[in-house]
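Residues per chain, in single letters:
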Amino acid sequence: MEGSETSGDTAQPWQSYHTVYTNAKAGMEGVDKEKVQRIVYEMSKGSKYFENEERKEAFIRQKIENLQAQCAKLTEADISNYQKVAEKRMLELEATRDLSRCWLHVDMDAFYAAVETLSNPTLKGKPMAVGSISMISTANYEARKFGVRAAMPGFIARKLCPELIFVPTDFKKYTYYSDLARKVFQRYDPNFTATSLDEAYLDVTEVCKERSVTSKEIAKELRACVYEETGLTCSAGVAPNRLLAKVCSDINKPNGQFVLPNDRMAVVTFISSLPIRKIGGIGKVTENILRGVLGISTCEQLLQKGGYICALFSQSTSDFFLSVGLGIGATSTPQARLRKSISNERTFSATEDEAQLFRKLEELSEMLSVDMQKEGLCGRTLTLKLKTASFEVRTRAVTLQKYISSRDDILKHAVKLLKAELPISLRLIGLRVSHFSEDKCGSPSDPTQKPITNFIASRDPKKSCSLLLPDVTDNDPVETPVDDASSSDYNEVSKVLGSDLCSLGDQSGSSSLDNVTCMPNLSEDEQLNSCQDETLLWFNDYRCSICGIELPPSFVEERQEHSDFHLAEKLQKEESGIQPRTATLSQRFGREKISQHRVNPRNRSCLGKKVDTCRLIIFLLKTVKACKLYYIILYIYILLYSITLQGWIFVSCVFFLVMKCV
DNA sequence: GGGAAAACATTAT
DNA sequence: TTCCAATAATGTTTTCCC
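Conventions adopted
- Residues numbered from 1 in each chain as written.
- Chains lettered and ligands numbered in written order.
- Predicted model: local features only at pLDDT ≥ 70, side-chain atom pairs only at ≥ 80, totals over all residues.
- Heavy atoms only, no water.
- Helix = DSSP H or I, 4+ residues; strand = E, 2+ residues; numbered from the N terminus.
- Buried < 20%, exposed > 50% of the residue type's maximum accessible area, 1.4 Å probe, protein only.
- Contact = heavy atoms within 4.5 Å.
- Axes fitted to C-alpha atoms, helices over the stretch in contact; angles between N-to-C directions.
- Parallel < 35°, antiparallel > 145°, perpendicular 65-115°, else oblique.
- Left-handed = near helix turned anticlockwise from the far one by under 90°.
- Nonpolar A, V, L, I, M, F, W, Y, C, P; charged D, E, K, R; others polar.
- Polar contact = N/O pair within 3.5 Å; in protein donor to acceptor, adjacent residues only side chain to side chain.
- Pairing = 2+ DSSP bridges.
- Lys, Arg positive; Asp, Glu negative; His and termini not counted.
- Salt bridge = Lys/Arg side-chain N within 4 Å of Asp/Glu carboxyl O.
- Near = heavy atom within 4 Å.
- Phe/Tyr/Trp six-rings, centres within 6.5 Å; stacked < 30°, edge-to-face > 60°.
- Lys NZ or Arg CZ within 6 Å of the ring centre and 35° of its normal.
- pLDDT = per-residue confidence, 0-100.

### Considerations on the overall build of chain A
Here is step 1: Within chain A, the secondary structure is distributed over 26 helices and 14 strands.
Here is step 2: The proportion of buried residues among the 662 residues of chain A is 48%.
Here is step 3: For chain A, the proportion of contacts with a sequence separation of at least 24, taken over those separated by at least 6, is 65%.

Below, the structure written as structure tokens:
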């Protein structure tokens, strides 16, 4: 960022292009920043990523302008009033200052890179980065001299340093060395807090007292022990609170330490000239906003502009800014925090192929379910994260009445969320589950399930209606028990996913709609009632649950056609429905709350048309599959005639049904 | 109007 | 020639629903 804000010069456009990795990091002091910035700009310019970054920057500029306007509206009286509020708050915060503790923040130096060098000493002295051509996790100090650093895409790093060696990440290795280091930390503070594999906070107050040594000596000894046990170097910062200790550990990196005495004057002097960006929690955006709106770049200025800060920001935000200005931070050992969410996401080459997208979703559901079951977690909020081909990030969430953790439950709800966004071209899909149950739920069975629903949810293909039925096991007063549309949705997806999705419920290899010979405990009428308007089942292995037609299992092709016929019929009902898609969504999702992406009303009709077209294509494809070739020829013939009519879809569907009946 | 949920943004490693 | 991650937490704003 340094000095670059002053230039609006179009001859040097790279000066206004900032990323997290154009900011200086330890070991990058001698780097030709201008050259790095120019190369990063040249490599990025014109890309979709770049365009999205520009959009985001424009958004931040707008935010700054809005805050400036808000500032301009403040009267003298307002300002004086807010100044009083700020002063009062500063006094209150000052009263909470605690200089009795000694906190030590320890940070392993270029951790992943150092571990890799340890296991492969030939890398020593060579510029090396851990990560891939798409993203770098850590760069060693040799690479940093070229401007290469963490969070930088590998292809840009290679341009900056053509001889850069890439090493893939190996978390097993890092976890092993991290555990070794943590054993050392434990000797100094049994309740230390690890914030990542390579960082930890230790309260060394007691150990200093017990051994009558200074915190400086403790830090030195700890670093020596870590080196002895792991062969890796680390840096340490010692200060009266965690916020300051973190800042201090960065000062003499690598393999160094910095101690800030437990003295108010020392703290205030230290913090006053510190750039706000050095503070954990103040990133690129906050820095830009504070500088753009209030001209703040050092912590001292946070206090000087306290009145404006209280006027513009929420209480929690202004409290944070004021305590930073005072050098006040947390001094108590944080409670062991319980995990609040679990997620996974994958980036891939952008695609709008729905089958591919659903396959990705299926893989993610599987992975997430495995992770959740490993940790015995069940959650009731599922969030789908999408990154479009143009790098726009969207999230769509649903909160259920029932806690879920199984792959099928996750997939079922994720599919609904994704379907509402189609058609879409994506480069990333992610799934997150939150709102965990307080009870561990390792057992796959749900004690709240009623016997019948339990039976239906069973994965045994011999007993189960399985995946093709909507999950009535939600046992949910909010969700509608069984919803025709949702079942049809799920069938559509089953078709799209093909055998992958169906394999769990269908190990016989027969058609997806043909795999069910179930509900032995119910009478046929009961079965018919419960399955009316639902997915097709073959009762007693020969009778269709929807129309009652009898077809023995050996009539494989005929049964497939029959299944497709009902499916097409269902689709036709959907297609000829007069409600717009936005209205049908609430029906589809029962009474679950689904927040829709806010669509610009101007684009809504356009989107609707696209969706309609897409659905028409699906319908046609299914029709083609369901018909013999001679039907198709006749179908196209009639279609060409009927296309001139307004209701041609309807006419086509009627024709199709007539042909099937014939 | 207020609380809950959803959507979005920011930050850190 | 083209290429920009994964995971988790938290805060703010917007939307929904009673």
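### Re the packing of helix α10 (residues 242-249) against helix α11 (residues 264-272)
Here is step 1: Closest axis-to-axis distance for the α10/α11 pair is 12 Å, and the angle between their directions is 55°. Overall, the two elements α10 and α11 adopt an arrangement that is oblique. Viewed along their axes, α10 and α11 form a crossing whose handedness is left-handed. In contact with Leu244, Val247 and Cys248 of α10, α11 contributes Val267, Phe270 and Ile271.
Here is step 2: Taken together, the residues that form the contact of α10 with α11 break down as six nonpolar, no polar and no charged.

### Looking at the environment of Ser323
Here is step 1: Here Ser323 lies in helix α15 (residues 315-326).
Here is step 2: Exposure remark for Ser323: the relative accessible area of 12% places this residue in the buried category.
Here is step 3: Ser323 has contacts with Leu93 and Ile328, leaving out every residue within four places of it along the chain.
Here is step 4: Here Phe320 takes part through its backbone oxygen, which lies 3.2 Å from a polar atom of the side chain of Ser323.

### Some details on the sheet that holds strand β5 (residues 193-196)
Here is step 1: With mixed pairing, five strands are arranged side by side in an open sheet as β5-β6-β1-β7-β8. Where the open sheet ends on each side, the last strands, each with one partner, are β5 and β8 (257-259). Each adjacent strand pair in this sheet contributes to an overall mean axis angle of 15°, direction not counted.
Here is step 2: Bridging between strand β1 (residues 103-108) and strand β6 (residues 199-203) involves five bridges; their strand directions are antiparallel. Note on β6: the bridge partner recorded for Asp107 is Glu199.
Here is step 3: Relative to the sheet, α10 contacts β1, β6, β7 (234-239) and β8, its axis offset from that of β7 by approximately 140°.

### Some details on the side chain of Arg242
Here is step 1: Relative to the assigned elements, Arg242 resides in helix α10.
Here is step 2: The charged side chain of Arg242 is buried without a salt bridge, its nearest counter-charge being Asp203 at 7.5 Å.
Here is step 3: At 2.4 Å, the side chain of Arg242 forms a polar contact with the backbone oxygen of Ser332.
Here is step 4: Every residue in contact with Arg242, bar those within four places of it in the chain, is listed here: Trp103, Tyr201, Ala330, Thr331, Ser332, Thr333 and Pro334.

### Points about the pattern of salt bridges
Here is step 1: Counted by the stated rule, this structure contains 28 salt bridges.
Here is step 2: Across the pair Lys253 and Asp107 runs a salt bridge, and its minimum N-O distance is 4.0 Å. A residue pair is termed long-range when its members are at least 10 positions apart, and Lys253 in the loop between α10 and β8 and Asp107 in strand β1 qualify at 146 residues.

### Side note on the packing of helix α7 (residues 171-188) against helix α9 (residues 215-230)
How two helices pack is summed up by the angle between their axes together with the distance between the axes.
Here is step 1: Running from N to C, α7 and α9 cross one another at 150°; their axes reach a closest spacing of 9 Å. Along this stretch, α7 crosses α9, giving a crossing that reads as right-handed. On α9, the residues touching Tyr177, Leu180, Ala181, Val184, Phe185, Arg187 and Tyr188 of α7 are Ile218, Glu221, Leu222, Cys225, Val226, Glu229 and Thr230.
Here is step 2: For the contact of α7 with α9, a count of residues per class yields 10 nonpolar, one polar and three charged.

### Here's the deal with the protein's contact with DNA strand C
Here is step 1: Residues in close proximity to DNA strand C total 30 residues, the closest being Ser44, Ser314, Thr317, Thr347 and Arg427.
Here is step 2: Between DNA strand C and the protein, one listed contact pairs a phosphate oxygen with a side-chain N or O atom of Thr317 at 2.3 Å.

### Considerations on the environment of Phe185
Here is step 1: Along the chain, the position of Phe185 falls in helix α7.
Here is step 2: Phe185 gets classed as buried once you look at its relative accessible area, which sits at 4%.
Here is step 3: Placed 38 residues apart in sequence, Phe185 and Arg223 show a C-alpha to C-alpha distance of 9.6 Å.
Here is step 4: When neighbours within four sequence positions are excluded, Phe185 is seen to be in contact with Val106, Phe192, Ala200, Leu202, Leu222 and Val226.

### Observations concerning the packing of aromatic side chains
Here is step 1: Inspection of the entire model under this criterion finds 12 aromatic pairs.
Here is step 2: Ring geometry for Tyr176 and Tyr177: centres 5.2 Å apart, planes at 85°, overall edge-to-face.
Here is step 3: For the pair Phe185 and Phe192, a centre-to-centre distance of 5.8 Å together with 75° between the ring planes defines the contact as edge-to-face.
Here is step 4: Given the relative accessible area of 17%, Phe192 is considered buried.
Here is step 5: Feature note: the residues Phe111, Tyr112, Phe171 and Tyr174 constitute an aromatic cluster, connected by ring pairs.
Here is step 6: Above the plane of the ring of Trp103 lies Arg242, whose end atom (NZ or CZ) is 5.0 Å from the centre.

### Remarks on the confidence of the model for chain A
The predicted coordinates should not be examined in detail at positions where pLDDT is low.
Here is step 1: The predicted model of chain A has a mean per-residue pLDDT of 74, with 63% of residues at 70 or higher.
Here is step 2: This stretch, residues 443-536, has a pLDDT under 50; its non-local contacts, to residues over four places away or in other chains, come to 189 contacts.
Here is step 3: Note on residues 571-630: pLDDT is under 50 here. Beyond four places in sequence and across chains, it has 86 contacts.

### Some remarks on unusual backbone geometry
Here is step 1: Of the consecutive residues Lys253 and Pro254, the connecting peptide bond is found in the cis state with omega at -5°.
Here is step 2: Take Pro254: it is sitting in the loop between α10 and β8.
Here is step 3: Between Leu422 and the following residue, Pro423, the backbone shows a cis peptide bond with an omega angle of -5°.
Here is step 4: With respect to the helices, strands and loops of the structure, Pro423 is situated in the loop between α17 (407-419) and β12 (426-436).

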